[in-house]
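Now for the letters of each chain:
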There are 2 protein chains.
Amino acid sequence: MSTPGISRRGAEIQESPIRKLAPLAAEAVRRGISIHHLNIGQPDIPTPVEFWTAVKSKMSNVLAYGPSNGIPELREAICSYYGKTDIDVDPSEVMITTGGSEAVIFAMMGTCDPGDEIICFEPFYTNYNGFATLADVRLVPVTSSVENGFHLPPFEEITSRITPRTKAILICNPNNPTGTILTDAEIAELADIASDSNIFLLADEVYRDFAFDGRQHSSVLEFPEISERVVVMDSISKRFSSCGARLGNLITRNRELMSVFMKFGQARLCPPTLSQYGAAEMYRNLDHDYYRSVVRMYQNRRDILMEELHGREGVFFLKPEGAFYATIRLPVTDTDDFAAWMLTDFSVDGWTTMVAPAAGFYATPGMGTDEIRIAYVLEEGKMRSALSILKAGLEEYVSTGRS
Amino acid sequence: MSTPGISRRGAEIQESPIRKLAPLAAEAVRRGISIHHLNIGQPDIPTPVEFWTAVKSKMSNVLAYGPSNGIPELREAICSYYGKTDIDVDPSEVMITTGGSEAVIFAMMGTCDPGDEIICFEPFYTNYNGFATLADVRLVPVTSSVENGFHLPPFEEITSRITPRTKAILICNPNNPTGTILTDAEIAELADIASDSNIFLLADEVYRDFAFDGRQHSSVLEFPEISERVVVMDSISKRFSSCGARLGNLITRNRELMSVFMKFGQARLCPPTLSQYGAAEMYRNLDHDYYRSVVRMYQNRRDILMEELHGREGVFFLKPEGAFYATIRLPVTDTDDFAAWMLTDFSVDGWTTMVAPAAGFYATPGMGTDEIRIAYVLEEGKMRSALSILKAGLEEYVSTGRS
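The rules behind each value
Residues numbered from 1 in each chain as written. Chains lettered and ligands numbered in written order. Predicted model: local features only at pLDDT ≥ 70, side-chain atom pairs only at ≥ 80, totals over all residues. Core = buried A, V, L, I, M, F, W, Y, C linked by C-beta atoms within 7 Å. Buried ≥ 20, exposed ≤ 12 C-beta atoms within 10 Å, placed from the backbone. Contact = placed C-beta atoms within 7 Å. Axes fitted to C-alpha atoms, helices over the stretch in contact; angles between N-to-C directions. Helix = DSSP H or I, 4+ residues; strand = E, 2+ residues; numbered from the N terminus. Parallel < 35°, antiparallel > 145°, perpendicular 65-115°, else oblique. Left-handed = near helix turned anticlockwise from the far one by under 90°. Nonpolar A, V, L, I, M, F, W, Y, C, P; charged D, E, K, R; others polar. Least-squares fit on C-alpha atoms with pLDDT ≥ 70 in both. Pairing = 2+ DSSP bridges. Domains from an automatic or database assignment.

Draft legend 1. Highlighting the nonpolar core. Residues Met108(A), Leu201(A), Met108(B) and Leu201(B) are the most contacted members of the largest nonpolar core, which totals 243 residues. Setting aside anything within four residues of it in sequence, one finds Met108(A) in contact with Ile118(A), Phe131(A), Ala132(A), Ala135(A) and Val137(A).

Draft legend 2. Spotlight on the packing of helix 5 (residues 99-111) of chain A against helix 9 (residues 255-267) of chain A. Residues and elements named next belong to chain A. Between helix 5 and helix 9, the shortest axis-to-axis distance is 10 Å and the interhelical angle comes to 120°. One finds that helix 5 runs oblique with respect to helix 9. For helix 5 against helix 9, the interelement crossing comes out right-handed. Taken together, the residues of helix 9 that come into contact with helix 5 (itself represented by Phe106, Met109 and Gly110) are Leu257, Val260, Phe261 and Phe264. The residue makeup of the contact of helix 5 with helix 9, split by class, is six nonpolar, one polar and no charged.

Draft legend 3. The arrangement of the relation of the copies chain A and chain B in detail. Least-squares fitting of chain A to chain B yields an RMSD of 0.0 Å, with the transformation described by 0.0 Å of translation along the axis and a rotation of 180°. The transformation just described matches what one would write down for a two-fold rotation axis. A shared binding surface is used by both copies, with 100% of the interface residues of chain A retained as interface residues in chain B.

Draft legend 4. A look at the environment of Glu117(A). Residues and elements named next belong to chain A. Mapping Glu117 onto the fold places it in strand 3 (residues 117-122). Given 20 C-beta atoms within 10 Å, Glu117 falls into the buried group. Along the primary structure Glu117 and Tyr376 are separated by 259 residues, whereas in three dimensions their C-alpha atoms are 32 Å apart. In this structure, Glu117 is in contact with Arg138, Val140, Thr163, Arg165, Thr166 and Lys167, ignoring residues within four places of it in sequence.

Draft legend 5. Region of the structure containing the pairing of strand 12 (residues 371-375) of chain B. Residue and element names in this part refer to chain B. Burial analysis of strand 12 places five of its five residues in the buried class, which makes it a mostly covered element. With five bridges joining them, strand 9 (residues 325-329) and strand 12 adopt antiparallel strand pairing. Looking at strand 12, one finds that Tyr325 is bridged to Ala375. As paired strands, strand 11 (residues 356-357) and strand 12 are joined by two bridges and run antiparallel to one another. Each residue of the ladder has a partner; that of Ala356, found in strand 12, is Arg373.

Draft legend 6. Region of interest: the domain arrangement of chain A. All names here are of chain A. We note that the domain assignment places domain 1 (8-46 + 289-399) and domain 2 (49-286) within chain A. Using C-alpha coordinates to define each centre, domain 1 is positioned 25 Å away from domain 2. Between domain 1 and domain 2, the residue contacts involve 40 residues of the former and 34 residues of the latter. Listed by contribution, the elements that provide at least two residues to the side of domain 1 that touches domain 2 are helix 1 (8-12), helix 11 (288-309), strand 9 (325-329) and strand 12 (371-375). No other element matches helix 11, which puts six residues into the side of domain 1 that touches domain 2. Residues of the side of domain 1 that touches domain 2, tallied by class, amount to 23 nonpolar, ten polar and seven charged.

Draft legend 7. Here's a closer look at the sheet that holds strand 12 of chain A. Taking strand neighbours across the sheet as the criterion, the three strands line up as 9-12-11 (chain A) in an open arrangement whose pairing is antiparallel. Pairing within the sheet leaves two strands with one partner each, and these edge strands are strand 9 and strand 11 (356-357) of chain A.

Draft legend 8. Molecular detail of the packing of helix 2 (residues 22-30) of chain B against helix 12 (residues 335-344) of chain B. Residue and element names in this part refer to chain B. Axis separation between helix 2 and helix 12 bottoms out at 8 Å; the angle between their running directions is 20°. With respect to their mutual orientation, helix 2 and helix 12 come out roughly parallel. The element helix 2 and its partner helix 12 pack so that their crossing is left-handed. Here Leu24, Ala25 and Ala28 of helix 2 lie close against helix 12, whose contacting residues are Ala340, Leu343 and Thr344.

Draft legend 9. Summary view of the interface of chain A and chain B. Taken together, the contacts link 68 residues of chain A with 68 residues of chain B. Among the elements of the structure, helix 1, helix 3 (49-57), helix 5, helix 6 (127-135), helix 9 and helix 10 (273-285) of chain A are those that each provide at least two residues to the side of chain A that touches chain B. Tallying contributions element by element places helix 9 of chain A first for the side of chain A that touches chain B, with seven residues. Tallied by class, residues from the side of chain A that touches chain B come to 28 nonpolar, 24 polar and 16 charged.

What follows is the structure, given as structure tokens:
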């Protein structure tokens, strides 16, 4: 019996490079090895009690559909959140999505047709590849470098990649996987390019609260000259350690685009209902103290990362400025092999450390093969232990000539 | 300042025809009119207590990401559910999705590329239009008729629409918006067509538990000769009155296609975590008594619909066989106008009834303009009241020559 073929986009979609080491990790666990996970952005901090309380209070009779653009309470609460940093957002400019993931998909599909192009800066959040395949959009990478802390490449390198099919520039700021925060001058430069080429600027600002060393993150919403061409994609997953709630949102002041998002939203009916009440309560009731305590915690972990890894022979990265990631160059030629080896061949007192090889965060073949991404989502003691094992592993891997 | 244009698919995506009367409904409410909603498939029956209990018990410290294909407990519980009707499904053949909506989108994107075609039978669940636009797939409608209770059109009408770009046939069984259940012979006919043309058969079986008059619903999973070309799309929204949970699933025995669904799933990380525990508990603990009581309730409502509307002058439909919908021909030429008029101009003792004009459920322009869809999701007393108002409205509308 012949069977029908799967689609091209089905064949082409990238397997998650973060998750592809999972079988080796499972095998290590079967052998009795414990694993420190620095490979995935799953925060360890508790989901605030405000979430659980609100969800409990909404356990009503019928768990019904909500509005396609989200419950008004949540859209209003998000506007208040922006109001705290003097950014004026109207509830009509906010649409609730099923996670930041859906926000990115809708943003791509609302601005691009199949075959259109979006410029992005590699290394980038690897799931953009999957979303782009689903949307049948081509991601055109411009390479940023560990040498200057993954800040923007020169102006001409960006503009030279713009074609008639380019519909948007996509940024992640603060950045996953690099921890870089764009300066106002850099955002202004992108705003100029977007205006000159009449394209959109799509900004994933999921990590906007996590800015270190007294930095203030600037949102693309604060650049009035591009207000019609800006789309913000956001999520509560990291902000409130609520990854499993699957709630995010889109913000745009472009009314035509918002009406498109609404129609996309109607097709899939609504985002999860219960989580929205929990999210609204967190946005309303968590104040500066909460955000400050979370930033302090991530900054401490960043500092531990600096102490443990920075300046070691062959290891190179600049001090991460925000989010909870670092992309780090190691003195090895193939971090895919090194990360796998850490799981299959190395342990200290029954423990090993799992990291994400960085090649999966690049679209250009061959890039990032000597880099890893670390997510510092473990508390201080575990962080130190995880990094000490990583260093020991690196030393052995290099000294035995495997690098 | 020029602004960049939105995408073609953004411009083309259909506004929900079910939701487009919403502004008139809101205006009626502002005037003090109460509305019986027969226009939308939001069940009124309580979400089972098993759901709430399980969700409460999982209110843990960190609301974390779950597996991309869903928690194992839920996938296993779904297999047990199928086991009760002697259908053998393995957990590896099940993938949990964010609502039935995502299941349909993944099924379309896994089997089709932009520009490919899917044959479907109109009238069909209107949101398929939105999903098809997102997937850039063309829905090719074959018209079914109220005259034979919306059963399959002749074989040749179906096969004549197959082209080299046809990748699948899409059915909804039991059917939204018609309440029709395909016979085994009809499914076998579609299986033959799918085999002969080497295409997929995508079956939305969301309403499979709701089969009336002692009927037994047959799943496409029960036709071994097409096991490699079948995809079932399902949801807990209607089965367990849990629309706001946003949980559905895909089932396929085609391993290549399942691996594609997994990669799609990895891109969007995971379905809502909390809801999955609730769903698993409902699948595990609700027995025949639950399903029987729900079917009896919907069948009673179906019977009320028959008593109140069937056989009235100019009103035509056959007795619905399952789900909780009926598509009904009225003695009017434009049900868009009639449904709007019911909201703007008609009420009885401060109440009116909202129905869905059926044109939005057809892809062929001009079809269904004399039909409405009714969702019988109200309890007996309200159903009678809603239908009595509908009849009175229809009488006045027709007698004043508006039809």
